[in-house]
Amino acid sequence: MTNETYILGIETSCDETAVAIVKNGTEVISNVVASQIDSHKRFGGVVPEIASRHHVEQITVVLEEALTESGLNWEDIHAITVTEGPGLVGALLIGVNAAKAISFAKQKPLVGVHHIAGHIYANRLEQEFDFPLLALIVSGGHTELVLMKEHGSYEVIGETRDDAAGEAYDKVARMLELPYPGGPQIDRLASEGEVTIDFPRAWLEEDSYDFSFSGLKSAVINKIHNAKQRGETLKNEDIAASFQASVVDVLSTKTLKAAKQYNVKQVIVAGGVAANNGLRTVLKEKFSSTNIPLLIPPLHLCTDNAAMIAAAGTIAYEKGARSGLDLNGNPSLLLK
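Residues numbered from 1 in each chain as written. Predicted model: local features only at pLDDT ≥ 70, side-chain atom pairs only at ≥ 80, totals over all residues. Heavy atoms only, no water.

Concerning the packing of helix 7 (residues 214-230) against helix 8 (residues 236-261)
Okay, step 1: The interhelical angle for the contact between helix 7 and helix 8, taken along N-to-C directions, is 165°, at an axis separation of 11 Å. With respect to helix 8, the axis of helix 7 lies roughly antiparallel. Handedness of the crossing formed by helix 7 with helix 8: right-handed. Contact residues: helix 7 offers L216, V220 and I224, while helix 8 offers I239, F243, S246 and V247.
Okay, step 2: In terms of residue class, the contact of helix 7 with helix 8 is built from 6 nonpolar, 1 polar and no charged. (Axes fitted to C-alpha atoms, helices over the stretch in contact; angles between N-to-C directions. Helix = DSSP H or I, 4+ residues; strand = E, 2+ residues; numbered from the N terminus. Parallel < 35°, antiparallel > 145°, perpendicular 65-115°, else oblique. Left-handed = near helix turned anticlockwise from the far one by under 90°. Contact = heavy atoms within 4.5 Å. Nonpolar A, V, L, I, M, F, W, Y, C, P; charged D, E, K, R; others polar.)

So, the pattern of salt bridges
Okay, step 1: Inspection of the entire model under this criterion finds 12 salt bridges.
Okay, step 2: For E205, the salt bridge goes to R161, with nearest N and O atoms at 2.7 Å. On the criterion of sequence distance, the pair formed by E205 in the loop between helix 6 (182-192) and helix 7 and R161 in the loop between strand 8 (155-159) and helix 5 (165-175) is long-range, its members being 44 residues apart.
Okay, step 3: Judged by its relative accessible area of 40%, E205 falls in the partly exposed class.
Okay, step 4: By relative accessible area, R161 is classed as partly exposed at 43%.
Okay, step 5: Residue R161 pairs with D210 through a salt bridge whose shortest N-O separation is 3.0 Å. Residue R161 is located in the loop between strand 8 and helix 5, and its partner D210 is located in the loop between helix 6 and helix 7; the two are separated by 49 residues in the primary sequence.
Okay, step 6: One salt-bridge network, in which partners are shared between bridges, spans E4, K23 and E27. (Salt bridge = Lys/Arg side-chain N within 4 Å of Asp/Glu carboxyl O. Buried < 20%, exposed > 50% of the residue type's maximum accessible area, 1.4 Å probe, protein only.)

What about the packing of helix 5 against helix 8?
Any two packed helices are characterised by how steeply their axes cross, that is the angle between the axes, and by the distance between the axes.
Okay, step 1: Packing of helix 5 against helix 8 brings their axes to within 11 Å, and their N-to-C directions diverge by 175°. On the basis of the axis angle, helix 5 is roughly antiparallel to helix 8. Judged by residue contacts, A165, A168, Y169 and V172 of helix 5 engage F243, Q244, V247 and V248 from helix 8.
Okay, step 2: Its residues placed into classes, the contact of helix 5 with helix 8 shows 7 nonpolar, 1 polar and no charged.

Description of the layout of surface pockets
Okay, step 1: In this structure, the largest pocket encloses a volume near 1,300 Å³.
Okay, step 2: Taken together, 44 residues form the lining of the largest pocket, with D15, S139, G140, D170 and Y180 sitting closest to its centre.
Okay, step 3: Elements supplying a minimum of two residues to the lining of the largest pocket: strand 3 (27-35), helix 4 (115-121), helix 5, helix 6 and helix 10 (299-302).
Okay, step 4: The leading source of residues in the lining of the largest pocket is helix 5, at 6 residues.
Okay, step 5: Residue classes in the lining of the largest pocket are distributed as 16 nonpolar, 20 polar and 8 charged.
Okay, step 6: Its volume calculated, the second largest pocket comes out at about 310 Å³.
Okay, step 7: What lines the second largest pocket is a set of 16 residues, and nearest its centre among them are G112, H114, Y154, A316 and K336. (1 Å grid on protein atoms, 1.4 Å probe; cavity = no way out; pocket = protein on both sides within 12 Å on 5 of 7 lines; lining within 4 Å. Points joined across faces, edges and corners; volume = space filled by probe spheres on them.)

Quick look at the structure:
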């Protein structure tokens with residue numbers, strides 16, 4: 001008799017087809033990701049229909065590879081977890097329907113998982129949580145501060161009112177004619193440039209932990225347009241460094257303020273933009289002068305993967321959450 005729990009996770013919310021198996025919510029047994037970056041690069045962003053078609057082609061292959069890599073059999077798997085939302089609806093449906101088919105065929109419990117909960121729980125694959133904790137989620141579609149008082153409990157205390165940080169990165173990257181995905185390109189350029197332009201910081205109301213990056217994005221675009229009209233030459237490296245300094249300043253300052261106000265025992269960073277070197281460096285500097293531990297996952301767990309879905313799904317499964325075979329993809333799913 002064993003107390004070990006093996007959870008299979010499926011993630012297809014955007015442009016990665018991923019399947020993983022996680023033991024006891026903390027140990028990755030297998031984690032297979034099929035990326036679509038090369039397919040979307042020529043369009044400068046993710047094309048939903050192409051993403052969905054690739055998921056259809058890849059899901060069975062990735063699923064079989066994850067199971068083979070784990071060395072487990074279907075009898076060893078306790079439950080099937082899958083990203084229910086948010087995300088691209090067509091892409092979500094591929095993963096959801098694959099999960100429902102497995103659940104039905106293998107008679108395994110089915111659990112729908114929130115994509116952002118997955119990003120948060122990517123951190124637990126590296127270190128155990130200590131509550132209450134504060135999570136800063138920074139990705140292409142989300143910028144949020146989430147307070148957690150226990151496992152599976154999420155209180156959003158701040159969120160973006162317009163563009164997410166990752167969206168702003170991608171739009172500025174397009175203005176600078178950088179290849180997709182734009183975030184890593186901006187981060188690389190920023191490390192080679194200097195902060196020579198004082199771009200705005202949207203602090204919003206004094207007591208607000210919300211974010212706004214639309215004005216910053218517009219300021220960068222206007223700066224580039226005005227320089228071109230005057231015949232001036234701006235260094236892309238300096239534009240990237242100045243833009244990133246503004247984003248990172250707001251994210252890190254609000255996170256530190258919230259961590260102190262809510263007296264948290266841990267701060268974790270999650271989402272694709274958590275891979276940004278500029279953000280990682282400044283957060284580490286700011287929290288080094290506090291007694292609040294800062295957790296930032298390794299790069300391979302920052303971007304979309306299925307291990308994070310299985311990790312979050314383990315908590316939901318242990319709390320008794322179950323989804324029926326009427327589970328559907330929900331692109332507007334709220335974190336609660």
